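In case you want the letters, here they are:
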Amino acid sequence: MRQRFQVSKAIRATLVLWVLTTFIYPLFMLISGQVAFSFQANGSLITNSQGVVIGSALIGQPFTSEKYFWSRPSTTNYSTADPKNDEAGILKTGVSGASNLAPSNPALLARINGNEGEINKLRKAEIQPTADLVYTSGSSLDPHITPESAKVQIPRIAKARGIEPQQLETLISQNTDGRFLDIFGEPGVNVFKLNLALDKIR
């Protein structure tokens, strides 16, 4: 009799926990997210003036024009691989993450120090290389660079757009995210948002 009671108690506890963790808790989190953090819960999507989604504030985008601030390099090219030449299968798998190459790996050294490497590319553009502009992030999708990495690009952009450097410094300051709770992390500049603000300058 007691064994039957214990089995019944275990089954009831399992059912209650199952309902709580499978239905009630997820539903509560879904409603809370949509009510209190709708922008973040829906992917932090950014739209243009026509209401068309042009990207996410959470995922970096590549910029190559002299008129824009450049993002940090990406091992996945921010999933902009050519569908006709996608040998790595980036578009099929949505791969993100670091290359995991050792500091002595020839492929990594070539990407950084080679003739077509990141450092030479920056020097040709008369940009002082910084860590953010040379190395990829852990996810390889990081949309942020440090304020210093943005400021070293000011002369190039000012020349290309005919804008006063002071305007660009102000723009960087306005688009710099501070530390979380003023304690955690480091200040960062979301390159995508910064370039959108840059396009609004006349």
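Scoring rules and cut-offs
Residues numbered from 1 in each chain as written. Predicted model: local features only at pLDDT ≥ 70, side-chain atom pairs only at ≥ 80, totals over all residues. Heavy atoms only, no water. UniProt positions renumbered as here; feature names shortened; annotations may be inferred. Axes fitted to C-alpha atoms, helices over the stretch in contact; angles between N-to-C directions. Helix = DSSP H or I, 4+ residues; strand = E, 2+ residues; numbered from the N terminus. Parallel < 35°, antiparallel > 145°, perpendicular 65-115°, else oblique. Left-handed = near helix turned anticlockwise from the far one by under 90°. Contact = heavy atoms within 4.5 Å. Nonpolar A, V, L, I, M, F, W, Y, C, P; charged D, E, K, R; others polar. Salt bridge = Lys/Arg side-chain N within 4 Å of Asp/Glu carboxyl O. Buried < 20%, exposed > 50% of the residue type's maximum accessible area, 1.4 Å probe, protein only. Expected span 1.5 Å × (residues − 1). Bend = angle between axes of the 7 residues up to and from the residue.

- Under an unreviewed UniProt entry, the name given to the protein chain is Potassium-transporting ATPase KdpC subunit, and the source organism is Sphaerospermopsis reniformis.
- Quoted verbatim from the Subunit (unreviewed entry) heading of the UniProt record, the comment on the protein chain is "The system is composed of three essential subunits: KdpA, KdpB and KdpC."
- Regarding the protein chain, the UniProt comment filed under Subcellular location (unreviewed entry) reads as follows: "Cell membrane".

## What to know about the packing of helix 9 (residues 165-174) against helix 10 (residues 191-199)
Right, so step 1: Between helix 9 and helix 10, whose axes approach to 10 Å, the crossing angle comes to 135°. Overall, the two elements helix 9 and helix 10 adopt an arrangement that is oblique. Judged by the twist between their axes, the crossing of helix 9 over helix 10 is right-handed. Contacts between helix 9 and helix 10 involve Leu168, Leu171 and Ile172 from the first element and Leu194, Ala197 and Leu198 from the second.
Right, so step 2: A per-class count over the contact of helix 9 with helix 10 returns six nonpolar, no polar and no charged.

## A short note on the pattern of salt bridges
Right, so step 1: Taken as a whole and assessed by the stated rule, the structure comprises six salt bridges.
Right, so step 2: The salt bridge partner of Glu118 is Lys121, with a shortest N-O separation of 3.6 Å. Of this pair, Glu118 and Lys121 both sit in helix 5 (residues 118-124), three residues apart, which is roughly one turn of that helix.
Right, so step 3: On the accessibility criterion, Lys121 (43% relative accessible area) is partly exposed.
Right, so step 4: Where salt bridges share partners, they join Arg111, Glu118 and Lys121 into one cluster.

## Overview of helix 1 (residues 2-36)
Right, so step 1: Between its first and last C-alpha atoms helix 1 spans 48 Å; for 35 residues at 1.5 Å apiece the expected length is 51 Å, and the two agree.
Right, so step 2: Maximal helix bending in helix 1 amounts to about 35°, located at Leu20.

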